[in-house]
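Here is how the chains run, residue by residue.
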Amino acid sequence: MTLYQPFLDYAIAYMRSRLDLQPYPIPEGFESKVATVGKGKNQQEVLTTSYAFQTTKLRQIRAAHVQGGNSLQVLNFVIFPHLNYDLPFFGADLVTLPGGHLIALDMQPLFRDDPAYQAKYTQPILPIFHAHQQHLSWGGDFPEEARPFFSPAFVWTRPQETVVVENQVFAAFKDYLKAYLDFVEQAEPVTDSQSLADIEQAQLRYLRYRAEKDPARGMFKRFYGDEWTEEYIHGFLFDLERKLLLA
Ligand code: DBV
């Protein structure tokens, strides 16, 4: 059972239908990785596969899909716009662990507290947020330091039932992705040098936070070791700093 495969398939097919998706390089050794965990009857394979694309407006569209049986399924899907667009990040963290499901879905703002930015990128999605929020109760505490990176339209929920993930969460995911691609379609390049500098700073702030606090670090280290994990995080999942150094 791979709970999030339909999300991944949908996202790729839908993006293909609206964008000119080009491949984005995945470093060698990170396209697909498997480990066997547990002993005896409890042995389980954990497979992590990576997907990555780019377009003229979107620097990196990438997904990590972890499949390790009924009680370990993860799809982490993030879109990083090019640095000359003020677009938010599309962020989906869909996680199933032995303790249950944990769902984070958002368009993560570059400038959370800027009213003009909110009017442009948060207010238009509030109706979608409220429509889905009715079916998805608030997921409770999350790290306080992560707060600046989420929008007021942050879907954060821990469904008890898998069927809620398959139906309500999937519906929210589709609506958010559609709304995001609408923003992408409308986005115009930023040329003002101060705005460009602000965008780069905001992207780096977000990226450093995510790379440093990646909640999957412990899990990946257990499965695949320290070296593979750090390289996966800095060389693929959150690679902006490396790419800027190379540029
Ligand atoms: N999270 C990632 C990547 C993952 C991933 C790249 C490829 O950023 C998986 C895998 N997220 C993942 C796992 C867990 C979480 C939890 C495996 C469970 C960790 C555990 O319980 O052991 C949103 N994801 C979480 C949590 C949050 C998010 C708030 C709970 C963390 C906690 O309670 O400490 N998404 C995550 C986040 C940001 C985001 C923190 C910040 C901007 O966009």
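Residues numbered from 1 in each chain as written. Predicted model: local features only at pLDDT ≥ 70, side-chain atom pairs only at ≥ 80, totals over all residues. Heavy atoms only, no water.

Convention followed: UniProt positions are given in the numbering used here, feature names are shortened, and annotations may be inferred rather than shown by experiment.
An unreviewed UniProt entry annotates the protein as Phycoerythrobilin:ferredoxin oxidoreductase of Nostoc paludosum FACHB-159. UniProt, in the comment section headed Function (unreviewed entry), describes the protein in these words: "Catalyzes the two-electron reduction of the C2 and C3(1) diene system of 15,16-dihydrobiliverdin." For the record of the protein, the UniProt heading Catalytic activity (unreviewed entry) holds the text "(3Z)-phycoerythrobilin + oxidized 2[4Fe-4S]-[ferredoxin] = 15,16-dihydrobiliverdin + reduced 2[4Fe-4S]-[ferredoxin] + 2 H(+)".

### Structural notes on the overall build of the protein
To be explicit about the condition: We count a stretch as a helix when DSSP gives it H or I for four or more residues in a row; a strand needs E for two or more, and each element gets its number in order from the N terminus. In this setup the radius of gyration rests on C-alpha atoms only. A globule is expected at 2.2 Å times the number of residues raised to 0.38. Remark: exposure states derive from per-residue accessible area (1.4 Å probe, protein chains only) relative to the maximum for the residue type, with buried under 20%, exposed over 50%, and partly exposed in between. The contact rule is simple, with two residues in contact once any of their heavy atoms fall within 4.5 Å. Using a 1.4 Å probe, the Shrake-Rupley method yields the accessible areas, and only the shown protein chains count as cover for residues. Residues scored as positive are Lys and Arg, those scored as negative are Asp and Glu, and His as well as the terminal groups of each chain are ignored. For this purpose, a charge sits on NZ of Lys, CZ of Arg, CG of Asp or CD of Glu.
Tallying secondary structure elements over the protein gives eight helices and eight strands in all. Here the C-alpha atoms of the protein give a radius of gyration of 18 Å, agreeing with the 18 Å that 2.2 N^0.38 yields for 247 residues. Taken along the three principal axes of its C-alpha coordinates, the protein extends 60 × 45 × 35 Å. Scored against the burial criterion, the 247 residues of the protein give a buried share of 51%. Restricting to contacts in the protein with at least 6 residues of sequence separation, those with at least 24 account for 64%. Element-wise, carbon and sulfur atoms account for 52% of the exposed surface of the protein, whose accessible area totals about 12000 Å². Once the 23 positive and 30 negative side-chain charges of the protein are each reduced to a mean point, those two points are 4 Å apart.

### Quick word on the packing of helix H6 (residues 217-224) against helix H7 (residues 226-237)
Condition: In this analysis, axes come from line fits to C-alpha atoms, helices being fitted only over the stretch in contact, and the angle between any two N-to-C directions falls in the range 0 to 180 degrees. Here the word oblique covers every angle except those under 35 degrees (roughly parallel), over 145 (roughly antiparallel) and from 65 to 115 (roughly perpendicular). Here a crossing is taken to be left-handed if its near helix is turned anticlockwise relative to the far helix by less than a right angle, and right-handed if that turn runs clockwise. Each residue is assigned to one of three groups, with Ala, Val, Leu, Ile, Met, Phe, Trp, Tyr, Cys and Pro labelled nonpolar, Asp, Glu, Lys and Arg labelled charged, and all others, Gly among them, labelled polar.
Look at H6 against H7: their axes get within 7 Å of each other, and the N-to-C directions meet at 130 degrees. Classified by the angle between their axes, H6 and H7 sit oblique to one another. In terms of crossing hand, the pair formed by H6 and H7 is right-handed. Across the interface between the two elements, Arg217, Phe220, Lys221 and Tyr224 from H6 touch Asp226, Trp228, Thr229, Glu230, Tyr232, Ile233, His234 and Leu237 from H7. Split into classes, the residues belonging to the contact of H6 with H7 amount to six nonpolar, two polar and four charged.

### Thoughts on the packing of helix H3 (residues 126-133) against helix H4 (residues 162-186)
Between H3 and H4, the shortest axis-to-axis distance is 10 Å and the interhelical angle comes to 175 degrees. Between H3 and H4, the crossing angle belongs to the class labelled roughly antiparallel. Along its contact with H3, which presents Ile128, Phe129 and His132, the element H4 presents Gln168, Ala171, Ala172, Asp175, Tyr176 and Ala179. Classifying every residue of the contact of H3 with H4 gives six nonpolar, two polar and one charged.

### What to know about the nonpolar core
Under the convention used in this document: Grouping buried Ala, Val, Leu, Ile, Met, Phe, Trp, Tyr and Cys residues that are joined through side-chain atoms within 4.5 Å yields what is termed a nonpolar core.
Counting residues in hydrophobic clusters, the biggest one holds 89 residues, and the most contacted among them are Phe77, Phe90 and Phe173. In terms of residue count, the dominant contributor to this core is H4 (13 residues). Once residues within four sequence positions are removed from consideration, Phe173 is found in contact with Phe7, Tyr10, Ala11, Phe77, Phe90, Ala92, Leu94 and Leu105.

### Examining the packing of aromatic side chains
Note the cut-off: Ring pairs shown here join Phe, Tyr and Trp side chains whose ring centres sit within 6.5 Å, with only the six-membered ring taken for Trp; geometry is labelled stacked below 30 degrees between planes, edge-to-face above 60, and tilted in between. For a lysine, the NZ atom is tested; for an arginine, the CZ atom; a charge sits over a ring if that atom is within 6 Å of the ring centre and within 35 degrees of the ring normal.
Using the criterion set out here, one finds 34 aromatic pairs in the structure. What links up through ring pairs into an aromatic cluster is the set Tyr4, Phe7, Tyr10, Tyr14, Phe77, Phe90, Phe170, Phe173 and Tyr180. Across from the ring centre of Tyr10, 5.3 Å away, lies the NZ or CZ of Lys174, which sits over that ring. Sitting over the ring of Phe170, Lys174 keeps its end group 4.1 Å from the ring centre.

### Brief notes about the site of the ligand
Test applied: In this text, near means that some heavy atom of the residue lies within 4 Å of the molecule or strand in question. Throughout this description, a polar contact denotes any pair of N or O atoms lying within 3.5 Å of each other; where both atoms belong to protein, one of them has to be capable of donating a hydrogen while the other can accept it, and for residues adjacent in sequence the pair is counted only when both atoms sit in side chains.
Of all residues adjacent to the ligand, which total 22 residues, the nearest are Asn76, Asp93, Gln108, Arg210 and Asp214. Here an oxygen atom of the ligand sits 3.4 Å away from a polar atom, N or O, in the side chain of Asn76. Contact between the ligand and Arg210: an oxygen atom at 2.6 Å from a side-chain N or O atom of the residue. Expressed as a share of its isolated accessible area of 870 Å², the protein-covered part of the ligand is 81%.

### Re the pairing of strand S3 (residues 44-54)
Successive residues of a regular strand alternate their side chains across the two faces of the sheet. Note the cut-off: Strand pairing is defined by DSSP finding a minimum of two bridges between the two strands.
In this sheet, S3 lies alongside strand S1 (residues 22-23) in antiparallel orientation, the contact comprising two bridges. Looking across to S3, one finds that Gln22 is bridged to Gln54. Once strand S2 (residues 32-37) ends, the chain turns through six residues before running back antiparallel as S3, passing Gly38 with a positive phi of about 80 degrees. Counting the residues between successive antiparallel strands, the hairpin from S3 to strand S4 (residues 58-67) contains three residues.

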